[in-house]
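# Structural characterization, general
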Amino acid sequence: KVLPPTVYMRVTDNIPQIISFIKTIIASGQAYATSQGNVYFDVKSWGKRYGVLTTIYPDTQDEEVDTDKRHSKDFALWKAARPQELSWTSPWGKGRPGWHIECSTISSAVFGKQLDIHTGGIDLAFPHHENEIAQCEVYHQCEQWGNYFLHSGHLHVKGSQEKMSKSLKNYVTIKDFLKKFSSDQFRMFCLRSRYSAGKEKTQTLIVEICTAFHACFPSWQCRAIEFSDESMDDAKHLLQAISSFVRDANAYMKGQLVCDPVREDILWERLANTKVTVKAAFADDFDTSRAVAAIMDLIHHGNRQLKAVTKDAGSPRSSVVYGSIISYIEGFFNALGMSFGERQVALGGGDSAVLSNVIDELVKFRTKVRHYALALPEEAAEAVPTEGAAGAEGPKQEQKEKRQQLMQERKPLLEACDSLRGDLAAFGIHIK
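How each quantity is defined
- Residues numbered from 1 in each chain as written.
- Predicted model: local features only at pLDDT ≥ 70, side-chain atom pairs only at ≥ 80, totals over all residues.
- Heavy atoms only, no water.
- Helix = DSSP H or I, 4+ residues; strand = E, 2+ residues; numbered from the N terminus.
- Contact = heavy atoms within 4.5 Å.
- Phe/Tyr/Trp six-rings, centres within 6.5 Å; stacked < 30°, edge-to-face > 60°.
- Buried < 20%, exposed > 50% of the residue type's maximum accessible area, 1.4 Å probe, protein only.
- Lys NZ or Arg CZ within 6 Å of the ring centre and 35° of its normal.
- Polar contact = N/O pair within 3.5 Å; in protein donor to acceptor, adjacent residues only side chain to side chain.
- 1 Å grid on protein atoms, 1.4 Å probe; cavity = no way out; pocket = protein on both sides within 12 Å on 5 of 7 lines; lining within 4 Å.
- Points joined across faces, edges and corners; volume = space filled by probe spheres on them.
- Nonpolar A, V, L, I, M, F, W, Y, C, P; charged D, E, K, R; others polar.
- Expected span 1.5 Å × (residues − 1).
- pLDDT = per-residue confidence, 0-100.
- Core = buried A, V, L, I, M, F, W, Y, C linked by side-chain atoms within 4.5 Å.
- Pairing = 2+ DSSP bridges.
- Right-handed = clockwise from strand over helix to strand, strands pointing away.
- Patch = residues over 30% accessible without salt bridge, like charges linked within 9 Å, V, L, I, M, F, W, Y side chains within 5 Å.
- Areas by Shrake-Rupley, 256 points an atom, 1.4 Å probe, with all protein chains shown as cover.
- Salt bridge = Lys/Arg side-chain N within 4 Å of Asp/Glu carboxyl O.
- Axes fitted to C-alpha atoms, helices over the stretch in contact; angles between N-to-C directions.
- Arc of directions from axis to C-beta.

### Focus on the overall build of the protein
A count of helical and extended segments in the protein gives 14 helices and nine strands. For the protein, the share of sequence-separated contacts (at least 6 apart) that also reach a separation of at least 24 residues comes to 75%.

### Points about the packing of aromatic side chains
A full pass over the atoms with the stated rule returns 15 aromatic pairs. With a centroid separation of 5.0 Å and 10° between ring planes, the pair formed by Phe-41 and Phe-75 is classed as stacked. Residue Phe-41 is located in strand β2 (residues 39-41), and its partner Phe-75 is located in strand β3 (residues 75-80); the two are separated by 34 residues in the primary sequence. When sorted by exposure, Phe-41 lands in the same class as Phe-75, which is buried. Here a set of aromatic residues connected by ring pairs shows up, and it is made of Phe-177, Phe-181, Phe-186, Phe-189 and Phe-227. Looking at Arg-70, its charged tip hangs above the ring of Tyr-32, at a distance of 4.0 Å from the centre. The ring of Tyr-252 carries Arg-317 above its face, with NZ or CZ at 4.9 Å from the centroid.

### Details of the side chain of Asn-14
For Asn-14, the location among the structural elements is in the segment before α1 (15-27). Within the local environment of Asn-14, its side chain forms a polar contact with the backbone oxygen of Arg-10, the two atoms lying 2.7 Å apart. Those residues within four positions of Asn-14 in sequence are excluded, and the remaining contacts are Met-9 and Ile-106.

### Things to note about the layout of surface pockets
The space that makes up the largest pocket amounts to roughly 1,200 Å³. Element by element, the count of residues in the lining of the largest pocket is highest for helix α5 (residues 183-191), at six residues. Of the residues belonging to the lining of the largest pocket, the class tally is 20 nonpolar, nine polar and five charged. Computed from the structure, the second largest pocket encloses a volume of approximately 620 Å³. In terms of lining, the second largest pocket is formed by 24 residues, of which the most central are Asn-303, Arg-304, Leu-306, Lys-307 and Gly-422. Of all elements in the fold, only α7 (229-253), α9 (288-304) and α14 (389-425) reach the threshold of two or more residues within the lining of the second largest pocket. The leading source of residues in the lining of the second largest pocket is α14, at six residues. Residues of the lining of the second largest pocket, tallied by class, amount to eleven nonpolar, six polar and seven charged.

### Brief notes about helix α2 (residues 99-111)
Between the first and last C-alpha of α2 there are 19 Å, a value that for 13 residues agrees with the 18 Å anticipated at 1.5 Å per step. Residues His-100, Ile-101, Glu-102, Ser-104, Thr-105, Ile-106, Ser-107 and Ser-108 constitute the buried set of α2. On the buried face of α2, the contacting elements are α1, β3, β4 (95-97) and α3 (125-140). Positive backbone phi, at 90°, marks Gly-112, one or two positions downstream of α2.

### Things to note about the confidence of the model for the protein
When pLDDT is averaged across the protein, the result is 82; 80% of the residues are at 70 or more. For residues 198-223, every residue scores under 50 in pLDDT, and the model assigns this stretch 57 contacts once sequence neighbours within four places are set aside. In the model, residues 379-387 has pLDDT below 50 throughout and makes nine contacts with residues more than four positions away in sequence or in other chains.

### A closer look at the nonpolar core
By size, the foremost hydrophobic cluster in this structure holds 44 residues, and its most contacted members are Met-188, Phe-245, Tyr-322, Ile-329 and Phe-333. Listing elements by their share of this core, those giving two or more residues are α5, β9 (223-227), α7, α8 (264-283), α9 and α10 (319-335). Top contributing element to this core by residue count: α7, with eleven residues. If we ignore the near neighbours within four places in the chain, the residues touching Ile-329 are Ile-242, Phe-245, Ile-295, Leu-298 and Ile-299. Counting 27 residues, the second-largest nonpolar core is a separate cluster that includes Ala-31, Val-39, Leu-77 and Trp-78.

### Digging into the pairing of strand β5 (residues 115-121)
Relative to strand β6 (residues 146-152), β5 runs parallel, the two being bridged by six bridges. When the bridges of β6 are listed, Leu-115 appears paired with Gly-146. Taken together, β5, α3 and β6 form a β-α-β motif whose crossover is right-handed.

### With respect to a nonpolar patch on the surface
Nonpolar side chains collect at one region of the surface, where Val-7, Met-9, Val-110 and Phe-111 lie side by side and expose about 350 Å² of accessible area between them. If you trace the backbone, Phe-111 turns up in helix α2.

### A closer look at the sheet that holds β2
Overall, antiparallel pairing links the four strands, which are arranged β1-β2-β3-β4 in an open sheet. Two strands bound the open sheet, and with one partner strand each, they are β1 (31-33) and β4. Each strand axis lies, on average, 20° off the axis of its neighbour in the sheet, ignoring direction. In this structure, β1 lies alongside β2, joined through three bridges in antiparallel fashion. Looking at β2, one finds that Ala-33 is bridged to Val-39. Each of β1, β2, β3 and β4 touches α1; the most contacted strand, β3, lies at about 125° to it.

### Quick word on α8
Its 20 residues place the ends of α8 29 Å apart at the C-alpha level, agreeing with the 28 Å of an ideal helix rising 1.5 Å per residue. Considered for burial, the residues of α8 that qualify are Leu-267, Leu-271, Thr-274, Val-278 and Ala-281. What you see down the axis of α8 is that its buried residues fit within an arc of 100°, all on one side. Among the exposed residues of α8, those oriented more than 90 degrees off its buried face are Glu-269, Val-276, Lys-279 and Ala-283. Looking at the buried residues of α8, the elements they touch are α9 and α10.

Spelled out as structure tokens, the structure:
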């Protein structure tokens, strides 16, 4: 369900456009070429407008530099060619584009002079996104190039201080991941944390990146989300609990699940409150963790009124409220690309066959206990003598009292059976 990019762009196909972009910045007085064939953005010439994203200001103390830069914070727009390095001809000699100018040129070619939303990892905020902003606002002569920047936290393998990345060779391929977990399970794992948050990490990575710029960021922190089998299992169990509720609610609406009368007023109120909470959470920098928590709270209250009973009291069904709850929940997760299909929610792992047999035996045991708790001993169920109405009244009363006593004694067994049913439902195992 991940849509492919609308446009594929290659830097090597856009070298003339990049050179033209650099020439415009030079003509505006915010960049300069050196005798060594390099071109740098003059950060000080941009004044207070540089650093709007990460509060890095160009007027802070500069350290001495032994390059052809004017100031240590200046960054390359064009780099002079080195021996055996791929290069192109330019007005400043043979060379190649700088890192940041590639993105500025190509994004401008596709989107024009303004972006609504720009995303990336938190480690790209500085220097990459900061430098993109400076380049594009000079080129387009605009006050604000990007309206919103959404920086995602890092994904860490649990127990590691390093982010998961290809360069560190500590990553899991999608192909290998999908052998153990489903794509919906990974989506749920991501939704349980803010895209920009997670466990606070040290400043090491950012400081290392910025060493070349001699910048110090005492308040800057990398944010990480920890990946592990345990965190994935938690996500899987949430999916199974949601799927279980949807199945039970559908069974109730079809008359396949008999329950006590439902307090519709409570459920309507919970549904309305959930909608308000979810909307507020998404408006608060896409706080998906709070939104999912609100959905799970709604499911909790919906489940509380779906407890099965053995005898139908004949009360009308509250199909509309449960239908509305299901429609809202499914709409919420469908918007996030989740389907709740059997393959997405099902239990996984190599021991699934053994686990299935264990579950079957557990369900059989529960059934036997429940049947015992609901049954009367033979002597209590025997027909009562009918020699006369008066004579029959005594044994009938005794039988009724005996039945009530047995039901009271066995009530804990029935409650334990109901509790087990609810516990198994949370793992996607449904007992009708």
